Amino acid sequence: MFRALRPVFTRPSGTVRTCVLLVLLAATGIAILELVREQTGTPGFFVGLGLALLPVAPLMAAFRWLGRAAPAPWPQLLFCFGWGACTAALIAILANNFATEWIAAATADPSGADRLGSVAIAPVVEESAKAAALLLVFAFQRRHFTGPADGFVVAGFTATGFAFTENILYLGNAFVQDLADGTGVLDSVTAATFFVRVVLSPFAHPLFTVLTGLGAGAAAVSVRRSYRICLPLLGLAAAMGMHALWNGSSQFGDHGFYIVYACVMVPAFGLLGWLAVRLRHRRLRAVADELALYAAAGWLTPAEVPALASMPARSLARALARRSGGRAAGRTVARYEADAAALALLRNRARRGGPPLKADFARREKELLHRLWQRRATAGPALARAAVLEELLPPRTQAPDPAGRVTVADPAAVPAPRREEPRQDAPRQAEPRREEPFLRRSGPWTPATPAGPPSIRPCVLPGGDGVR
């Protein structure tokens with residue numbers, strides 16, 4: 001009986017999950033659109049929408065910059081933005097209004113209910129609703145959640161979407177109030193609201209939610225089960241605490257807002273900015289260290305490794321490919337770079353003893369290596385040429401040892417690519433039998449000697465003089 005029922009409880013396919021999430025986002029988007037338009041009126045809605053759009057592009061570009069070392073798919077990032085702008089905002093508006101009305105009815109003090117709702121209810125509801133996006137990404141796209149940097153980016157896009165919808169509401173209501181009072185532009189509530197929310201503190205909501213993202217990202221690579229449970233909760237609690245402090249700053253006197261802004265928000269923003277730069281640098285170093293092993297095994301040329309660990313060299317390689325092969329070649333190089341970075345972080349995560357099983361690592365590694373091998377004819381010469389132009393090649397790469405290998409201290413075992421078959425007119429030399437590249441088991445947990453690089457014909461980059 002249970003065997004007959006087992007197929008009913010299988011995990012839904014990716015297509016089904018995507019359709020369900022798209023329907024959810026569409027439904028909540030329509031609902032939040034009508035709700036905000038009803039509260040602000042049509043003129044206020046369009047004014048708020050135009051003003052709220054201004055900080056969105058810079059914030060998204062900043063978080064995308066952090067994730068460029070191992071870029072997450074754009075559909076995933078747009079889903080996070082849509083979740084924050086639609087689903088999380090709708091949950092927050094409905095829950096906050098319900099809680100505030102209930103407290104006002106119970107205490108017969110509407111002003112006190114508003115203050116309590118702003119400090120105690122809103123931070124809990126809003127940060128929990130935004131954290132749900134991180135939970136969904138971790139549950140269904142765990143392969144793209146490889147550390148704190150991924151949590152940083154996912155949380156940033158989610159919070160940017162949430163702040164976008166909230167700014168429409170606040171700016172639209174302010175504009176309606178100014179229309180009713182006939183206030184001038186410079187003395188208007190709209191100008192003051194715009195200055196506080198868009199100029200002074202566009203990073204407020206991203207700053208809160210990034211704390212949750214850092215906790216979730218650290219948990220994704222933690223070995224201990226207790227850490228994987230406690231770190232996200234600790235990050236969520238910190239986000240709620242910062243949010244409550246920010247919302248309650250007006251209760252600290254006439255200058256409470258400026259004190260909290262100068263003494264808490266600005267230092268916290270600077271600290272997170274420094275952390276973002278450090279996380280990006282550490283990711284690029286991990287890419288260089290791990291890809292050196294695959295270069296020693298023959299999957300990459302030694303010149304590709306420093307190019308893949310340098311963002312200017314990656315950009316130059318894509319430009320070189322587009323110049324010689326058109327947009328299709330540029331996209332091929334971009335996918336090659338993303339797959340190479342994902343492969344490096346996959347091995348780095350497994351080496352540190354992360355949660356994924358060995359079988360999952362071998363399957364994912366096989367998939368990424370296969371995609372790299374298919375695109376290396378186009379991407380390899382472009383990256384090698386970019387490494388030369390950016391002067392990234394160390395002396396040991398320009399003058400390899402007689403064996404033609406890259407020396408790596410204590411490398412982990414990696415699968416070797418297929419060697420080229422000897423020509424028919426050349427005498428066949430006896431050599432030991434080698435296993436197929438995708439049949440050799442690979443594990444980052446046991447050290448072994450890497451296989452030698454394959455013997456491939458030189459490849460000349462079209463439109464250039466680089467020979468690989």
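As a reminder, the structure under discussion sits directly above these lines.
Residues numbered from 1 in each chain as written. Predicted model: local features only at pLDDT ≥ 70, side-chain atom pairs only at ≥ 80, totals over all residues. Heavy atoms only, no water.

Q: Please provide a residue-by-residue account of the overall build of the protein chain, values included.
A: When helices and strands are counted, the protein chain shows 14 helices and zero strands. Across the protein chain, helices and strands are ordered from the amino to the carboxyl terminus as α-α-α-α-α-α-α-α-α-α-α-α-α-α. Across the protein chain, contacts joining residues at least 24 apart in sequence account for 78% of those joining residues at least 6 apart. Counting only carbon and sulfur atoms, one obtains 63% of the accessible surface of the protein chain, whose full area is about 24400 Å². (Helix = DSSP H or I, 4+ residues; strand = E, 2+ residues; numbered from the N terminus. Contact = heavy atoms within 4.5 Å. Areas by Shrake-Rupley, 256 points an atom, 1.4 Å probe, with all protein chains shown as cover.)

Q: So what about the environment of alanine 384? Which residues, and what values?
A: As for its placement among the helices and strands, alanine 384 is situated in helix 13 (residues 358–389). Between the alpha carbons of alanine 384 and alanine 317 there is a distance of 8.1 Å; along the sequence they are 67 residues apart.

Q: Tell me about the packing of helix 9 (residues 225–247) against helix 10 (residues 256–297), residues and numbers included.
A: A packed helix pair is summarised by two numbers, namely the angle formed by the two axes and the spacing between the axes. At a closest axis distance of 10 Å, the pairing of helix 9 and helix 10 adopts a crossing angle of 150 degrees. Relative to helix 10, helix 9 is oriented roughly antiparallel. In contact with Met242, Leu245 and Trp246 of helix 9, helix 10 contributes Phe257, Val260, Tyr261, Val264, Met265 and Ala268. Its residues assigned to classes, the contact of helix 9 with helix 10 shows nine nonpolar, no polar and no charged. (Axes fitted to C-alpha atoms, helices over the stretch in contact; angles between N-to-C directions. Parallel < 35°, antiparallel > 145°, perpendicular 65-115°, else oblique. Nonpolar A, V, L, I, M, F, W, Y, C, P; charged D, E, K, R; others polar.)

Q: Can you tell me about the pattern of salt bridges, naming the residues and giving the values?
A: Opposite charge on two side chains makes pairing possible when the charged atoms of those side chains draw close. Taken as a whole, this structure holds ten salt bridges when the rule is applied. Glutamate 127 is paired through a salt bridge with lysine 130; the nearest N and O atoms lie 2.9 Å apart. Taken as a pair, glutamate 127 and lysine 130 lie in helix 5 (residues 110–140) at a separation of three residues, close to a single helical turn. Across this residue pair, the class does not change: glutamate 127 and lysine 130 are buried. Close ionic contact of arginine 364 with glutamate 367 constitutes a salt bridge, the shortest N to O distance being 3.3 Å. With a gap of three residues between them, arginine 364 and glutamate 367 both fall in helix 13, about one helical turn apart. Through salt bridges that share partners, Asp339, Arg364, Glu367, Arg371 and Arg375 make up one connected network. (Salt bridge = Lys/Arg side-chain N within 4 Å of Asp/Glu carboxyl O. Buried < 20%, exposed > 50% of the residue type's maximum accessible area, 1.4 Å probe, protein only.)

Q: Pulling in residues and values, what's your account of the nonpolar core?
A: Among soluble globular proteins, nonpolar side chains are generally buried collectively. Formed by 59 residues in total, the largest nonpolar core has its most connected members in Phe152, Phe157, Phe208, Trp246 and Met265. Mapped by element, the contributors of at least two residues to this core are helix 2 (14–52), helix 3 (56–67), helix 4 (74–107), helix 5, helix 6 (148–181), helix 8 (204–220), helix 9 and helix 10. Tallying contributions element by element places helix 4 first for this core, with twelve residues. If sequence neighbours within four positions are ignored, phenylalanine 208 has contacts with Glu127, Ala239, Met242, His243, Trp246 and Met265. The next biggest cluster of nonpolar side chains, apart from the first, holds 38 residues, and it includes Ala297, Leu300, Ala350 and Ala382. (Core = buried A, V, L, I, M, F, W, Y, C linked by side-chain atoms within 4.5 Å.)

Q: So what's going on with helix 4? Residues and values would help.
A: Helical periodicity: at 3.6 residues per turn, an α-helix aligns residues three or four positions apart in one direction. End to end, helix 4 covers 47 Å across 34 residues, agreeing with the expected 50 Å (1.5 Å per residue, within 8%). Considering bend angle alone, the principal kink of helix 4 is centred on tryptophan 83 and spans about 40 degrees. Where helix 4 terminates, the next one or two residues include alanine 108, which has phi positive at roughly 55 degrees. (Expected span 1.5 Å × (residues − 1). Bend = angle between axes of the 7 residues up to and from the residue.)

Q: Help me get a handle on the packing of aromatic side chains, residues and values and all.
A: Summed over the entire model, instances satisfying the criterion amount to twelve aromatic pairs. For the pair phenylalanine 81 and phenylalanine 164, a centre-to-centre distance of 6.1 Å together with 35 degrees between the ring planes defines the contact as tilted. In this pair, phenylalanine 81 is assigned in helix 4 and phenylalanine 164 in helix 6, connecting sequence segments 83 residues apart. As far as burial versus exposure is concerned, phenylalanine 81 and phenylalanine 164 are alike and both buried. Three or more aromatic residues joined by ring pairs form one cluster here, namely Trp246, Phe257, Tyr258 and Tyr261. Taking NZ or CZ as reference, lysine 130 lies 5.0 Å from the ring centre of phenylalanine 162, over its face. For the cation-ring pair, arginine 197 lies above tyrosine 170, with the distance from its terminal atom to the ring centre recorded as 4.3 Å. (Phe/Tyr/Trp six-rings, centres within 6.5 Å; stacked < 30°, edge-to-face > 60°. Lys NZ or Arg CZ within 6 Å of the ring centre and 35° of its normal.)

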